[in-house]
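Fold and contact review
In case you want the letters, here they are:
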Amino acid sequence: MSTNQRFDKSKLPSRHVTEGPARAPHRSYFYAMGITEEEIHQPWVGVATCWNEAAPCNIALNRQAQIVKHGVKKGGGTPREFTTITVTDGIAMGHEGMRSSLASRDAIADTVELTMRGHCYDALVGLAGCDKSLPGMMMAMVRLNVPSVFIYGGSILPGRYKGQDITVQDMFEAVGKNQAGTLSEAELEIMEKIACPSSGACGAQYTANTMACVSEAIGLALLNSSGAPAPYESRDQYGEASGVAVMTLIEKNIRARDIVTRKALENAARVVACTGGSTNGALHLPAIAHEAGIDFDLFDVADIMRDTPYFVDLRPGGKYVAKDLYEVGGVPVVMKELARAGLLHLDCITASGKTLGESLEEIRGEADGTVIYSIDKPLTKTGGVVGLKGNLAPDGAIVKVAGMTEKEQVFTGPARVFECEEEAFAAVKAREYKEGEVIVIRNEGPAGGPGMREMLATTAALSGQGMGKKVALITDGRFSGATRGFCVGHVGPEAAHGGPIALIRTGDVITLNALTGELSVALSDEELAKRKAEWKGPRKTEYTSGALWKYARLVGSARYGAVTHPGAKDEAHVYMDQ
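Not measured: the values here are computed from a predicted model. (Residues numbered from 1 in each chain as written. Predicted model: local features only at pLDDT ≥ 70, side-chain atom pairs only at ≥ 80, totals over all residues. Heavy atoms only, no water.)

Section: the packing of aromatic side chains
Per the counting criterion, the structure on display carries 4 aromatic pairs. Taken together, a centroid distance of 6.2 Å and an interplanar angle of 70° make the contact between Tyr 232 and Tyr 326 edge-to-face. Of this pair, Tyr 232 sits in the loop between helix H11 (207-218) and helix H12 (235-252) while Tyr 326 is found in helix H17 (residues 322-327), placing the two residues 94 residues apart along the sequence. Tyr 326 gets classed as partly exposed once you look at its relative accessible area, which sits at 22%. Among the aromatic side chains, those forming a connected cluster through ring pairs are Phe 30, Trp 44, Phe 82 and Tyr 121. (Phe/Tyr/Trp six-rings, centres within 6.5 Å; stacked < 30°, edge-to-face > 60°. Helix = DSSP H or I, 4+ residues; strand = E, 2+ residues; numbered from the N terminus. Buried < 20%, exposed > 50% of the residue type's maximum accessible area, 1.4 Å probe, protein only.)

A few points about the UniProt feature "binding site: [2Fe-2S] cluster" (unreviewed entry) in the protein chain
As recorded in UniProt, the feature "binding site: [2Fe-2S] cluster" (unreviewed entry) lies at Cys 57. Here Cys 57 is to be found in the loop between strand E1 (44-49) and helix H5 (61-74). Aside from chain neighbours lying at most four places away, what touches Cys 57 is Thr 88, Gly 129, Cys 130, Gly 200 and Ala 201. (UniProt positions renumbered as here; feature names shortened; annotations may be inferred. Contact = heavy atoms within 4.5 Å.)

Remarks on the pairing of E1
Most of E1 is tucked away, with 6 of its 6 residues classed as buried. Residues Trp 44, Gly 46 and Ala 48 point to one face of E1 and Val 45, Val 47 and Thr 49 to the other, with burial holding for every one of them. Note: E1 against strand E2 (residues 78-83), 6 bridges, orientation parallel. The partner of Thr 49 across the bridge, within E2, is Thr 83. (Pairing = 2+ DSSP bridges.)

Examining the pairing of strand E13 (residues 509-513)
Summarising burial for E13: 4 of the 5 residues are buried, a large majority. In this structure, strand E9 (residues 410-418) lies alongside E13, joined through 5 bridges in antiparallel fashion. Bridge pairing links Pro 414 to Val 509 in E13. Pairing between E13 and strand E14 (residues 518-521): 4 bridges, direction antiparallel. Note that in E14 the partner of Leu 512 across the bridge is Leu 519. Hairpin remark: E13 followed by E14, antiparallel, with 4 residues in the connecting loop; positive phi at Gly 517, about 80°.

Here's the deal with the nonpolar core
Phe 150 and Ile 218 are the most contacted members of the largest nonpolar core, which totals 107 residues. Setting aside chain neighbours within four positions, we find Ile 218 in contact with Ile 259, Val 260, Ala 264, Leu 265, Ala 268, Leu 285 and Ile 288. Counting residues in each nonpolar core, the second largest holds 30 residues, with Phe 411, Val 491, Ala 502 and Leu 523 among its members. (Core = buried A, V, L, I, M, F, W, Y, C linked by side-chain atoms within 4.5 Å.)

Details of helix H18 (residues 330-340)
In terms of residue burial, H18 counts as a mostly covered element, since 9 of its 11 residues are buried. Looking at the buried side of H18, the elements it contacts are H11, helix H14 (262-274), H17 and helix H19 (356-360). Immediately beyond the C-terminal end of H18, within one or two residues, lies Gly 342, with a positive phi of roughly 75°.

Comments concerning the side chain of Thr 167
If you trace the backbone, Thr 167 turns up in the loop between strand E6 (164-166) and helix H9 (168-180). Of the residues examined, Thr 167 reaches a relative accessible area of 4% and is grouped as buried. Those residues in contact with Thr 167 that lie beyond four places of it in its chain are Ala 195, Tyr 206, Arg 315 and Val 321.

See the structure below:
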């Protein structure tokens, strides 16, 4: 069948730049780039990457995009590659640069949307490799509601040191050991040169790999496409298949919102929970849902996580890295276990054009019992990520409990309050805190930071000092997917919005209970109301102009994904139907 017979160009956005006498000037540009007449009249597919030279997670995306373009051409389409930004958390961590991280997610979604709209592309294949670029790319797909296929750039290979796998998490914790005097600078220098031996995203179940698992579970990525590490050229088969698949989606008019439904979001939350994934999953899933006009907030994510067994033994809470998961069958085998227990919606359509159930029927792998446990014999009966709520967090909070015993999931102690991460990190470095305390870091929320920074430098320093299980930490900011210990993030409402976390004083007794889902402070409603009346308003920031100033004024609550626009519920037209 010819391309023209397979696709009705009169119903595709690219007709606005390729068809009819009035578009002769536009076509002249296309001929200038060597595009043939036949290619001009085919469907146009945006191949978007977050390639840059900032970090290893992005460095392989440009090469991988070329393979995707082969697939698009093989499927009868005309691929047009473009790039957008990435802010890499590992580089931005521990300093002012981290304020740009979460804002970059929405900038990625915005810039992909603008490029697609401006050039009237008919479909999108998005390649991303870092914490915020994965959700940002998926948000763009759902916002535009075009036929879309997502493909992850792949994880980094682990380093080897003293007979053990090491990752960037070990490097952050090594800094804490160095500060504590238990690791020499010479040894630290050796470790830093071998911890990250290849291209690819951080190697364990931190945010990038968590969202890569999400991409398969939610249906936007082909099964097993997220598994192979970035250096493996076997990834090319998935790149080409993704290019071919997007052409099938155009032909069948299967769009991103046909794939990303409430059921698909629930499937994704299940996979985050059972793998002990990053708490950031509870921030990004509501944001993706918002682009589809679906109500799915932090509490919805937490409810699903609460009754999902945790049975995949991945770092930072467990033993293994993404490469190990891939070698025992990857996300499809994980989802087979969930399906066996009746915990997946198998009727969801996926980027393959098949339902999730049909796709999983083709998977022959089984749980190996070492990396992927049987769901009948899980590591714990509830998910690796838990939602909390109480008079300290009326809009909720989130904590990663993967690898923690039940005893470690209950903590009561006096607060030690810091007004920003720098204050807290300096105190931790100087050991100006006590065992049994609850460290409170506020004014780090989406608006108040601005940017909702991750606190890995502080938590890793605590772990490096051997205090990771002897104190608790709460913040209206975020924690890295590499964080471990009793560290509660996303406390809402945030301090800048007058939430209870703004009213806490050093010495107030705080209770954290991941078993019952409680985050409370031993203060009466009357005392909290009195303090609220005395509150002098949000702390002023230095960001009085520029992108972060704009972000702080647009961004909403972490409970709903820290989004920056009204979403699909308020849209007056659909891009694909223009």
